[in-house]
Amino acid sequence: MTVLRFTHEHEWLRAEADGTVTVGITDFAQQALGDVVFVQLPDTGDYTVEAEVAVLESVKAASSINMPLDGEITEVNPALEGNPELVNEDPLARGWFFRFKPVDASQLDGLLDQNAYDQLIAAQA
């Protein structure tokens, strides 16, 4: 079973077998944004936690995606450039934004687990 971690900003993180971490936004976040019409993906390279790395534009608003942990972005999802609607259609799989190699993978444990994230969105509903 794949274990996801979550941020308070409604991003999900999934540790991959190769040591990288895949990042996207949650179903809750994509519903709140509405139809995503544009995604500006980051460049590969080193980033520090909280650095703005991507921008989403929807019919309702623009939203930033910040780096969840210190690390090196190694890959972006090229499918989003021509199909930003994948964020709405499949936010937990095909709608991912980027993969990065964390400086300290143990920091993932400090993020929200599924139960804590469910409590966060229940409090915001």
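Residues numbered from 1 in each chain as written. Predicted model: local features only at pLDDT ≥ 70, side-chain atom pairs only at ≥ 80, totals over all residues. Heavy atoms only, no water.

**Q** Quick one: what's the story with the side chain of threonine 22, residue by residue and with numbers?
**A** Assignment of secondary structure puts threonine 22 in strand 3 (residues 21–25). Among the polar contacts listed, one links the side chain of threonine 22 to the side chain of glutamate 16, at a separation of 2.6 Å. In terms of polar contacts, threonine 22 uses its side chain to reach the side chain of arginine 99, at 2.7 Å. In contact with threonine 22, not counting residues within four places along its chain, are Trp12, Leu13, Arg14, Glu16, Trp96, Phe98 and Arg99. (Helix = DSSP H or I, 4+ residues; strand = E, 2+ residues; numbered from the N terminus. Polar contact = N/O pair within 3.5 Å; in protein donor to acceptor, adjacent residues only side chain to side chain. Contact = heavy atoms within 4.5 Å.)

**Q** Which residues make up the UniProt feature "domain: Lipoyl-binding" (unreviewed entry) in the protein, and what values do they have?
**A** The UniProt entry lists residues 20–101 under the feature "domain: Lipoyl-binding" (unreviewed entry), expressed in the numbering used here. Helix makes up 18% of residues 20–101 and strand 43%, whereas the separation of the span's terminal C-alpha atoms amounts to 5 Å. (UniProt positions renumbered as here; feature names shortened; annotations may be inferred.)

**Q** I'd like a rundown of the environment of glycine 24, residues and numbers included.
**A** Inspection of the secondary structure puts glycine 24 in strand 3. Leave out the neighbours within four places in its chain, and glycine 24 touches His10, Glu11, Trp12, Trp96 and Phe97.

**Q** Go over the pairing of strand 6 (residues 52–58) with me, naming the residues and quoting the values.
**A** Where burial is concerned, most of strand 6 is hidden: 5 out of the 7 residues are buried. With 4 bridges joining them, strand 4 (residues 36–40) and strand 6 adopt antiparallel strand pairing. Bridging across to strand 6, valine 39 finds its partner in leucine 56. For strand 6 and strand 7 (residues 62–66), the ladder comprises 5 bridges, and the chain directions are antiparallel. Looking across to strand 7, one finds that glutamate 57 is bridged to alanine 62. Count of turn residues in the strand 6/strand 7 antiparallel hairpin: 3 residues. (Buried < 20%, exposed > 50% of the residue type's maximum accessible area, 1.4 Å probe, protein only. Pairing = 2+ DSSP bridges.)

**Q** Before we move on, could you go through the sheet that holds strand 9 (residues 98–102) and cite the residues and values that matter?
**A** Backbone hydrogen bonds are what pair the strands of a sheet, in a parallel or an antiparallel way. As summarised here, the arrangement of the 6 strands in space is 1-2-3-9-8-5, forming an open sheet in which the pairing is antiparallel. The sheet terminates laterally at strand 1 (4–6) and strand 5 (45–47), the two strands that pair on one side only. Pairwise comparison of adjacent strand axes, ignoring direction, gives a mean angle of 35° for this sheet. Note that strand 8 (residues 71–76) and strand 9 share 5 bridges and pair antiparallel. Pairing of glycine 71 across the sheet is with proline 102, part of strand 9. (Axes fitted to C-alpha atoms, helices over the stretch in contact; angles between N-to-C directions.)

**Q** Could you give an account of the UniProt feature "modified residue: N6-lipoyllysine" (unreviewed entry) in the protein, naming the residues involved and the relevant values?
**A** Here, the residues flagged by UniProt with the feature "modified residue: N6-lipoyllysine" (unreviewed entry) are Lys60. Look at lysine 60 and you get exposed, because its relative accessible area is 58%. Setting aside anything within four residues of it in sequence, one finds lysine 60 in contact with Gln31, Ala32, Leu33 and Gly34.

**Q** Residue-level account of unusual backbone geometry, with values.
**A** In this model, histidine 10 sits at a positive phi of 70°, which is unusual for a non-glycine residue. On the secondary structure map, histidine 10 appears in the loop between strand 1 and strand 2 (11–15). Take histidine 10: its relative accessible area is 10%, and that puts it in the buried class. Even without being a glycine, glutamate 50 presents a positive backbone phi close to 75°. Among the residues examined, glutamate 50 registers a relative accessible area of 49% and is labelled partly exposed.

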